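# Results of the structural survey
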Amino acid sequence: MPRAILCILDSFGIGGAPDAADYGDTGADTLGHIAANYQLSLPNLDALGLGAAAKLSTGEVPRGLTDQPRGGRWGVGREVSKGKDTPSGHWEIAGVPVPFDWGYFPLSEPTFPPDLIAQLIEKSGIPGILGNKHASGTTVIAELGEESIRTGKPICYTSIDSVFQIAAHETHFGLERLYTLCETAFELTAPLNIGRVIARPFVGETAATFKRTGNRRDFAIAPPEPTLLDRAKEAGRQVYAIGKISDIYAGHGVTHKIKATGNMALFDRTLEAMEMAADGAFIMTNFVDFDQDFGHRRDIPGYAQALEAFDARLPELIAALRPDDLVVLTADHGNDPSWRGSDHTREQTPIMAFSPALTPGSIGIRPSFADIGESIARWLGLAPGRHGKSFL
Ligand SMILES: O=P(O)(O)O[C@H]1O[C@H](CO)[C@@H](O)[C@H]1O
Ligand SMILES: [Mn+2]
Ligand SMILES: [Mn+2]
């Protein structure tokens, strides 16, 4: 019975979104700009159609890649959901475009409504908050982390995404206490249509030594309709959610939740799941480092090396495939490390689908990421959903 493995390379855009101007992102191109600034070597991704997909997206083959795929189906994903954020991208990939507008916090300072912060302080008993602005997570910890340790006040910040993030020291503030605080914040922000509250624990004693840990936790609102994960679970299938996948879907539709820190550990867990998973299973992994450690940090060599490390492991994944396994590689949005600021960028995404049982060829530009979910649904023998069309 066919199985499917879906790998999300978080933020790995390939430029060319027709609505990029609406986001101030005209010309943003995560892969294109990395390739222009770094001598990229991605032979396995290129063989699966990455260079060809990039050419279809922007008209140009990125430096170091080719437009000669050597197996699999390849094409371009275009997002219909308005948010260029992780939940919007992931939900749409799993067949459910986001039909509503998320709530966002303004660029002005303080960014959070005074009422919201007053209630958070009252309900949680914290002495106050620091931050209260748009910020990059690592920068704001370097700026305010020492004061946070000294005063016991957590650092609350946001971005252009629909998020309320709380950074606090793992031991001085306490990890469990941070999670509880996030739960309270989640209850208070849900009526504002805020997609996620994210706990951002860090360690270290000085600005120079602060480091965020793998104990990040996302408290997310649930998708508005059943996703591919729910549909697979409902049909009695195993659904493996690796990395932050379970958090992104608020645990809905997940039968096996597996956490790991770092892309290589995430790759290991994916291979292990492929060994364990039953016939008909659906395995989904989010490779978060691309986005969290390199895209938001505007680190071009870091992003490039993470891509090369991922590429180098693809032969292991291909060798582990059973004859009727399908693998799909794609991304949820862009995060061009050469771009201004530290936020995501509106871009199209690569879609690379391969299986020993699949004939190669182009799938063109898909009008919605939902086509990915529908293709996997068809592969797994699930009933069609309400959105998207299978390219298989
Ligand atoms: O700068 P850091 O804390 O990594 O935050 C990033 O992570 C958030 C969630 O993915 C995004 O909204 C972005 O702001
Ligand atoms: Mn993302
Ligand atoms: Mn991000």
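Residues numbered from 1 in each chain as written. Chains lettered and ligands numbered in written order. Predicted model: local features only at pLDDT ≥ 70, side-chain atom pairs only at ≥ 80, totals over all residues.

As annotated in an unreviewed UniProt entry, the protein chain carries the name Phosphopentomutase and comes from Devosia insulae DS-56. According to the UniProt record, the Sequence similarities (unreviewed entry) comment for the protein chain reads "Belongs to the phosphopentomutase family." (UniProt positions renumbered as here; feature names shortened; annotations may be inferred.)

### Observations concerning the site of ligand 1
Neighbouring residues of ligand 1: T86, S136, G137, S159, D161, V163, Q165, I198, R200, Q292, H296 and S342. Elements with a minimum of two residues in the shell around ligand 1: strand 5 (163-169) and strand 6 (196-203). Looking at the shell around ligand 1 residue by residue, the classes come out as two nonpolar, eight polar and two charged. Two domains share the shell around ligand 1, each providing at least three of its residues, namely domain 1 (4-98 + 224-380) and domain 2 (114-220). (Near = placed C-beta within 6 Å. Helix = DSSP H or I, 4+ residues; strand = E, 2+ residues; numbered from the N terminus. Nonpolar A, V, L, I, M, F, W, Y, C, P; charged D, E, K, R; others polar. Domains from an automatic or database assignment.)

### Thoughts on the domain arrangement of the protein chain
Where interface size is given, it is often the accessible area lost as the parts come together that is meant. Under the domain assignment, the protein chain is made up of domain 1 (4-98 + 224-380) and domain 2 (114-220). Inter-centroid distance (C-alpha atoms) of domain 1 to domain 2 is 29 Å. On the domain 2 side, the residues contacting the 13 residues of domain 1 number 12 residues. Taken together, the residues that form the side of domain 1 that touches domain 2 break down as three nonpolar, five polar and five charged. (Contact = placed C-beta atoms within 7 Å.)

### Some points on the sheet that holds strand 12 (residues 325-330)
The mixed open sheet is built from eight strands, whose spatial order is 10-9-11-1-12-13-2-14. In the strand order of this sheet, the two ends are held by strand 10 (256-258) and strand 14 (361-366), each with one partner. Neighbour to neighbour, the strand axes of the sheet diverge by 15° on average, direction disregarded. Relative to strand 13 (residues 349-354), strand 12 runs antiparallel, the two being bridged by three bridges. Across the sheet, V327 pairs through a bridge with F354, a residue of strand 13. Strands strand 2 (73-77), strand 13 and strand 14 of the sheet are contacted by helix 3 (residues 50-58), whose axis makes an angle of about 35° with strand 2. Seen against the sheet, helix 10 (residues 263-276) touches strand 1 (3-9), strand 9 (239-242), strand 10 and strand 11 (282-287) and runs at an angle of roughly 175° to strand 11. (Pairing = 2+ DSSP bridges. Axes fitted to C-alpha atoms, helices over the stretch in contact; angles between N-to-C directions.)

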